[in-house]
Amino acid sequence: AYAKFHSEGDDVRAAFALMSVGDTYFIQNLEDVALQNFMKADSMFRCNNCLEGRSEALMKIGRAQLRNYQYDKAMDLFEQSLASAEECQNPRLVAQAYKYIAEVYDMNDDYEQEEKYLNQSVSKYRLAGERFEMGKAYCKLGDMHFKNEEYDLAYVNYMSASNVFEGFGDIENVALVHNKLGRINYIQGDMESAR
């Protein structure tokens, strides 16, 4: 698809195609090849002043850096992505950038900042109408509170996630969240609810 769009002079669509190619390599843990595709796409988006594409490309580059434990580079890229997403007023991309910034804070054990950005992510996903992604953000909030032994807060966030996933009929994620709720009940000594 890249070659076709590029030959037709549609560099924006060609850049999106390159990002899809990069995603394929990223899934296969071939970060270096994925990164080359993401960076080329970012360059094409920059040349064509496509802020939404630029925001997505920077996020993908940041994810590759995060996987390579380059936390400072990843944070810088996610902040650049956030700026592009805010400039083009795309709440879905803003929410994603917040989620990835929160992930960097999680890796650095800065739970106060992680919570702040995850809450902002939930709000932006709600604004964008992205309920499924909102459910995943609630789940991440629950995981953070669970890790910090704040079980009541974890429970509330897991329940919010469960409600979202049940609305989609997403049995896999509902089961995952119910398992997490059961662990909290078990830790708190409520064996009947845990079961």
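Residues numbered from 1 in each chain as written. Predicted model: local features only at pLDDT ≥ 70, side-chain atom pairs only at ≥ 80, totals over all residues. Heavy atoms only, no water.

**Observations concerning the overall build of the chain**
Just so we agree on the cut-off: Numbered from the N terminus, helices here are DSSP runs of H or I no shorter than four residues, and strands are runs of E no shorter than two. The cut-offs for exposure are 20% and 50% of the maximum accessible area for each residue type, with area from a 1.4 Å probe on protein chains only; residues under the lower value are buried, those over the upper are exposed, and the others partly exposed. Any two residues whose heavy atoms approach within 4.5 Å at even a single point are treated as in contact. Using a 1.4 Å probe, accessible areas were evaluated by the Shrake-Rupley method; residue-level cover was limited to the displayed protein chains.
Scanning the chain for helices and strands turns up 11 helices and 0 strands. Starting at the N terminus, the α and β elements of the chain follow one another as α-α-α-α-α-α-α-α-α-α-α. Considering only C-alpha atoms, the chain reaches an extent of 65 × 35 × 30 Å along its principal axes. Counting over 195 residues, the chain shows a buried share of 45%. Relative to all contacts within the chain whose residues are 6 or more apart in sequence, the contacts with residues 24 or more apart total 48%. When the accessible area of the chain is evaluated, it comes to approximately 10400 Å², of which 46% is carbon and sulfur surface.

**Description of the pattern of salt bridges**
The condition that has to hold: What makes a salt bridge here is a side-chain nitrogen of Lys or Arg within 4 Å of a carboxyl oxygen of Asp or Glu, nothing more.
Scanning the entire structure with this criterion turns up 10 salt bridges. Among the ionic pairs, Glu56 bridges to Arg92, the shortest N-O distance being 3.4 Å. On the criterion of sequence distance, the pair formed by Glu56 in helix 4 (residues 51-67) and Arg92 in helix 6 (residues 91-107) is long-range, its members being 36 residues apart. Judged by relative accessible area, which is 26%, Arg92 ranks as partly exposed. Between Glu192 and Arg195 there is a salt bridge, with the nearest N and O atoms lying 3.4 Å from each other. We note that Glu192, like Arg195, is exposed. Among the charged side chains, a salt-bridge network with shared partners connects Asp42, Arg46 and Arg54.

**Quick look at the side chain of Gln96**
Tracing the backbone through its elements, the reader meets Gln96 in helix 6. If sequence neighbours within four positions are ignored, Gln96 has contacts with Met59 and Tyr125.

**Some details on a nonpolar patch on the surface**
Threshold: Patch definition: residues with relative accessible area over 30% and no salt bridge; like charges joined within 9 Å; nonpolar side chains (Val, Leu, Ile, Met, Phe, Trp, Tyr) joined within 5 Å.
Residues Val21, Tyr25, Leu30 and Val33 make up a contiguous nonpolar surface patch of about 260 Å² in total accessible area. Here Val21 lies in helix 2 (residues 11-27). Residue Val21 is classed as partly exposed on the basis of its relative accessible area, which comes to 34%.

**With respect to helix 10 (residues 171-187)**
Rule in force here: Residue count minus one, scaled by 1.5 Å, sets the expected span of a helix.
The end-to-end C-alpha distance of helix 10, which contains 17 residues, comes to 24 Å, matching closely the 24 Å that a straight helix rising 1.5 Å per residue would cover. Every buried residue belonging to helix 10 is among Asn173, Val174, Val177, Lys180, Leu181, Gly182, Ile184 and Asn185, and all of these are buried. Each element contacted by the buried residues of helix 10 is listed here: helix 8 (131-147), helix 9 (151-168) and helix 11 (191-194). Following helix 10 by one or two positions, Gly189 adopts a phi angle in the positive range, close to 85°.

**Overview of the nonpolar core**
Here is the rule we go by: Residues belong to one nonpolar core when they are buried, are Ala, Val, Leu, Ile, Met, Phe, Trp, Tyr or Cys, and are joined through side-chain atoms within 4.5 Å.
Formed by 38 residues in total, the largest nonpolar core has its most connected members in Phe78, Ile101, Tyr158 and Val177. Looking at this core element by element, the count peaks at 10 residues for helix 6. Ile101 has contacts with Met75, Phe78, Glu79, Leu82 and Tyr117, leaving out every residue within four places of it along the chain. Ala17, Met19, Leu35 and Leu58 belong to the second largest nonpolar core, which has 19 residues in total.

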